[in-house]
Amino acid sequence: MANIVLNDVRKKYGNIDAIKGISLDIADGEFLVLVGPSGCGKSTLLRMIAGLESITGGEISIGGRVVNTLEPSERDIAMVFQNYALYPHMTVRQNLAYGLKNRNTPQAEIDRRISDAAKALEIETFLERKPRQLSGGQRQRVAMGRAIVREPAAFLFDEPLSNLDAKLRVQMRVEIKRLQKSLQTTSVYVTHDQMEAMTLADRLVVLNSGVIEQVGTPIELYEKPATTFVATFIGSPSMNLLPSLSSSAWSLAPDINLPQGSATLGIRPEDLHVADGDGATEAFRADVKVAAVELVGAESYVHGHLTDGQPIIFRVAGRSRILMDDIVPVAASRQALHLFDEAGRRKDA
Amino acid sequence: MHNVAFPNKILPYLLVAPQIILTVIFFFWPASQALYQSVMREDPFGLKSGFVGLANFRAVLSDPNYIHALQVTVVFSILTALVSMGVALLLATAADKVVRGQTFYRTLLIWPYAVAPAVAGMLWLFMFNPAMGTFAYLLRRNGFGWDPLLNGDQAMGLVVVAAAWKQISYNFLFFVAGLQAIPKSLIEAASIDGARGARRFWTIVFPLLAPTTFFLLVVNTVYAFFDTFGIIHSVTGGGPAKATETLVYKVYNDGFVNLNLGSSAAQSVILMVIVIALTAFQFRFVEKRVHYG
């Protein structure tokens with residue numbers, strides 16, 4: 001049990017700044033997710049916390065202890081790797097016991113922790129098997145088990161679910177969340193999958209090329225994205241961004257006043273609806289020429305263009321009767337409009 | 001089922017022919033000659049030979065000199081394999097840590113493999129010859145009674161070092177490749193799990209290198225048995241007092257120097273059986289303990 005504090009942490013590879021000064025305060029027991037596109041530095045940051053990458057500048061402390069120069073084994077953390085990194089020549093039991101044996105834990109204690117973890121993860125039946133005899137999902141559980149038995153101050157997850165198929169990923173996601181809640185261990189979780197990030201996180205950190213774009217709860221980030229980057233990264237399909245505030249292709253209701261300096265208008269596909277003439281919900285109006293309709297079962301996504309050629313996506317509940325080449329009037333309410341300035345920063349009225 | 005084999009009837013045979021011809025000419029023919037000779041006895045003038053059954057084998061196996069050569073071979077092979085693999089592993093783990101100029105070091109370390117066995121032997125002989133060797137001079141000046149021409153153990157030491165030295169590069173290459181094939185995340189996981197230095201090496205790295213080590217064990221044993229003739233011939237000539245006379249060297253000595261063809265042929269048949277048995281044994285028992293990926 002410990003908090004993790006990052007103070008102006010930097011990483012340089014030669015002349016390249018990979019991490020450009022990141023400060024974060026991760027509370028004890030918090031589940032923090034680092035999310036961003038590949039190459040944004042999220043894995044590097046996690047590996048710096050783990051001690052697998054050196055720290056060029058700044059300070060990292062775990063449980064009030066500065067760990068900058070400590071070996072990974074001395075930081076009291078456990079890590080779950082993307083490829084699981086199970087020791088192939090050891091049985092599952094030996095894999096779980098290895099870290100404890102290295103720390104001279106008494107055998108009785110090792111046995112107790114292994115049986116507890118095995119029970120929690122439902123891996124009791126294959127404790128004597130080698131990793132290669134396990135399926136991807138089972139290996140994932142063993143990797144989790146290896147972290148749990150250590151009873152560390154913090155769990156670090158490096159894209160642990162990205163090698164699993166979609167169904168298993170959802171299942172493991174729920175399980176990780178449940179385990180973390182019951183163990184109350186501070187966790188830092190790296191992913192590029194915004195769905196995973198949204199569902200797991202107590203707090204979400206969106207990283208972009210080595211800097212923090214925004215920190216907040218998933219809902220905060222969804223409802224009030226601080227930048228156009230966050231706006232397009234969180235939510236699927238991405239928010240529509242219209243790069244100019246005056247266009248003949250769409251119109252805003254005359255009584256709406258936009259904040260000073262607004263340059264970009266953003267509307268989520270799920271906030272657009274087919275216009276029905278109800279003025280109260282039609283602060284924004286446009287005609288869309290339909291190019292394609294994606295049916296995903298419970299809802300449909302309509303891809304189309306505004307009359308000036310701007311691409312736009314909107315969501316229709318259920319199975320849509322909209323056909324290709326139809327011209328559909330769409331609308332959105334004032335609350336659904338996100339406004340950003342020239343630099344892509346959010347403007348609130 | 002559609003037949004996807006070659007439509008041409010002769011082409012497949014032509015394609016495998018080179019390999020077959022090589023094997024027949026350089027293995028089956030000499031091996032069959034050895035088998036044939038091993039049951040014949042040549043008269044002293046080489047005019048005629050007669051069938052003697054297993055008499056040659058009986059004579060060889062009851063010869064104390066042969067049993068001695070067998071012991072020498074076992075000692076020589078074990079030492080050579082251990083030294084060459086041990087040093088190679090040490091160098092490979094060191095090279096694995098080198099970040100800059102890795103290719104340069106690797107190239108340097110591969111050179112000894114390109115040296116012919118006899119030349120390798122001469123190199124070591126020049127360095128350690130008691131009459132003119134630089135190192136022999138240094139050893140003696142420091143009070144060490146170095147004389148491989150009279151001391152059998154020292155002679156054995158010298159041939160082992162020369163034979164191992166030549167094989168180190170080969171082993172080194174395989175160990176480096178083996179080390180690089182170990183996923184980095186495993187080493188990282190081990191370091192988070194609190195294993196460092198020697199402990200990490202023996203509990204994680206070495207077990208994962210086992211397939212490489214096993215392969216090299218087979219190769220090095222066969223090398224020590226068969227391919228070290230040139231080194232022994234040039235360094236000690238099997239001496240002093242047969243202290244470095246291995247089985248292969250004795251085959252040569254009895255057959256080509258003493259012209260006892262029947263005995264020599266019987267010895268080479270026994271040698272063939274030994275190596276086949278040894279390799280089979282290694283695959284049967286050692287390989288079981290090897291973990292492949």
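Residues numbered from 1 in each chain as written. Chains lettered and ligands numbered in written order. Predicted model: local features only at pLDDT ≥ 70, side-chain atom pairs only at ≥ 80, totals over all residues.

**Notes on the overall build of chain B**
Part 1: Scanning chain B from N- to C-terminus turns up 12 helices and two strands.
Part 2: For chain B, the N- to C-terminal ordering of α and β elements is α-β-β-α-α-α-α-α-α-α-α-α-α-α.
Part 3: Counting all 293 residues of chain B, 31% fall into the buried class.
Part 4: For chain B, the proportion of contacts with a sequence separation of at least 24, taken over those separated by at least 6, is 69%. (Helix = DSSP H or I, 4+ residues; strand = E, 2+ residues; numbered from the N terminus. Buried ≥ 20, exposed ≤ 12 C-beta atoms within 10 Å, placed from the backbone. Contact = placed C-beta atoms within 7 Å.)

**Quick notes on the overall build of chain A**
Part 1: Tallying secondary structure elements over chain A gives eight helices and 20 strands in all.
Part 2: The principal-axis extent of the C-alpha atoms belonging to chain A is close to 75 × 45 × 35 Å.
Part 3: When the 349 residues of chain A are sorted by exposure, 38% land in the buried category.
Part 4: For chain A, restricting intrachain contacts to residue pairs at least 6 apart in sequence, the fraction spanning at least 24 positions comes to 66%.

**Details of the UniProt feature "transmembrane region" (unreviewed entry) in chain B**
Residue and element names in this part refer to chain B.
Part 1: Following the UniProt record, one finds the feature "transmembrane region" (unreviewed entry) at residues 12–31, 66–92, 113–138, 158–180, 201–226 and 265–286.
Part 2: The span residues 12–31 is 100% helical and 0% strand by assignment, and the distance between its end C-alpha atoms comes to 27 Å.
Part 3: Across residues 265–286, the secondary structure splits into 100% helix and 0% strand, with the terminal C-alpha atoms separated by 31 Å. (UniProt positions renumbered as here; feature names shortened; annotations may be inferred.)

**A few points about the UniProt feature "domain: ABC transporter" (unreviewed entry) in chain A**
Part 1: Mapped onto this numbering, the UniProt entry gives "domain: ABC transporter" (unreviewed entry) at residues 4–234 of chain A.
Part 2: With 37% helix and 26% strand, residues 4–234 of chain A has end C-alpha atoms that lie 25 Å from one another.

**Considerations on the interface of chain A and chain B**
Part 1: Of the residues lining the interface, 17 residues belong to chain A; the matching set on chain B comes to 16 residues.
Part 2: Looking at the side of chain A that touches chain B, the elements that each hand over two or more residues are β6 (77–80) and α2 (92–102) of chain A.
Part 3: A class-by-class count of the residues in the side of chain A that touches chain B yields 11 nonpolar, five polar and one charged. (Nonpolar A, V, L, I, M, F, W, Y, C, P; charged D, E, K, R; others polar.)

**A short note on the packing of helix α11 (residues 247–257) of chain B against helix α12 (residues 261–286) of chain B**
All names here are of chain B.
Part 1: Their axes nearest at 8 Å, the elements α11 and α12 cross at an angle of 160°. Classified by the interaxial angle, the pair formed by α11 and α12 is roughly antiparallel. When you trace α11 past α12, the crossing you get is left-handed. Taken together, the residues of α12 that come into contact with α11 (itself represented by L247, V248, K250, V251, D254 and G255) are L261, S263, S264, Q267, S268 and L271.
Part 2: Split into classes, the residues belonging to the contact of α11 with α12 amount to five nonpolar, five polar and two charged. (Axes fitted to C-alpha atoms, helices over the stretch in contact; angles between N-to-C directions. Parallel < 35°, antiparallel > 145°, perpendicular 65-115°, else oblique. Left-handed = near helix turned anticlockwise from the far one by under 90°.)

**Observations regarding the nonpolar core**
Part 1: Residues A:V33, A:L156, A:V188 and B:V159 are the most contacted members of the largest nonpolar core, which totals 139 residues.
Part 2: At 13 residues, the largest contribution of residues to this core is made by helix α7 (residues 152–180) of chain B.
Part 3: The residues that make up this core include at least three from each of domain 1 (4–232) and domain 2 (240–347) of chain A.
Part 4: Beyond its immediate chain neighbours, meaning those up to four positions away, A:V33 contacts A:Y189, A:T191, A:A197, A:L200, A:A201, A:L204 and A:V205. (Core = buried A, V, L, I, M, F, W, Y, C linked by C-beta atoms within 7 Å. Domains from an automatic or database assignment.)

**A few points about the sheet that holds strand β13 (residues 264–267) of chain A**
Pairing between the strands of a sheet comes from backbone hydrogen bonds, and it takes one of two forms, parallel or antiparallel.
Residues and elements named next belong to chain A.
Part 1: The antiparallel open sheet is built from four strands, whose spatial order is β11-β13-β19-β20. The open sheet has two edge strands, β11 (240–242) and β20 (346–347), and neither has a second partner.
Part 2: Of the strand pairs in this sheet, strand β19 (residues 338–340) and β20 are connected by two bridges, and their pairing is antiparallel. Within β20, the position partnered with F340 by the bridge is R346. (Pairing = 2+ DSSP bridges.)

**Things to note about unusual backbone geometry**
All names here are of chain A.
Part 1: The amide bond that connects S236 to the next residue, P237, takes the cis arrangement and shows omega of -5°.
Part 2: By the element assignment, P237 lies in the loop between α8 (228–233) and β11.
Part 3: Notably, E151 is not glycine yet its phi reads approximately 45°, a positive angle.
Part 4: Along the chain, E151 turns up in the loop between α4 (136–149) and β7 (154–158).

**Here we look at the domain arrangement of chain A**
Residues and elements named next belong to chain A.
Part 1: For chain A, the domain assignment lists domain 1 (4–232) and domain 2 (240–347).
Part 2: A straight line from the C-alpha centre of domain 1 to that of domain 2 covers 38 Å.
Part 3: Every contact between the two is made by eight residues of domain 1 and, on the other side, eight residues of domain 2.
Part 4: Of the residues assigned to the side of domain 1 that touches domain 2, the class counts are four nonpolar, three polar and one charged.

**Quick look at the pairing of strand β10 (residues 211–216) of chain A**
Residue and element names in this part refer to chain A.
Part 1: Looking at chain direction, strand β9 (residues 203–208) and β10 are connected through five bridges and run antiparallel. By the bridge assignment for β10, N208 is matched with V211.
Part 2: From the end of β9 to the start of β10, which pair antiparallel, there are two residues, and S209 there has a positive phi angle of about 35°.

**Comments concerning the environment of B:F172**
All names here are of chain B.
Part 1: Within the fold, F172 resides in helix α7.
Part 2: The buried category is assigned to F172, around which 24 C-beta atoms lie within 10 Å.
Part 3: Separated by 88 residues in the primary sequence, F172 and S84 place their C-alpha atoms 8.9 Å from one another.
Part 4: Other than its neighbours up to four places away in sequence, F172 contacts A88, L91, A92 and L109.

**As for the sheet that holds β7(A)**
All names here are of chain A.
Part 1: If you walk across this open sheet you meet the six strands as β6-β7-β8-β3-β9-β10, and the pairing is mixed. Whereas interior strands pair on both sides, the edge strands pair on one side only; in this sheet they are β6 and β10. Across the sheet, the axes of successive neighbouring strands diverge by a mean angle of 20°, strand direction being ignored.
Part 2: As defined by bridge partners, β6 adjoins β7 across four bridges and the pair is classed as parallel. For V80, the partnering residue across the bridge sits in β7 and is F157.

**A word on the pairing of strand β3 (residues 31–35) of chain A**
Residue and element names in this part refer to chain A.
Part 1: A large share of β3 lies buried, amounting to five of its five residues.
Part 2: Alternating residues of β3 divide into F31, V33 and V35 and L32 and L34, and every residue in both groups is buried.
Part 3: Looking at chain direction, β3 and β9 are connected through four bridges and run parallel. In the strand pairing of β9, V35 is matched with V206.

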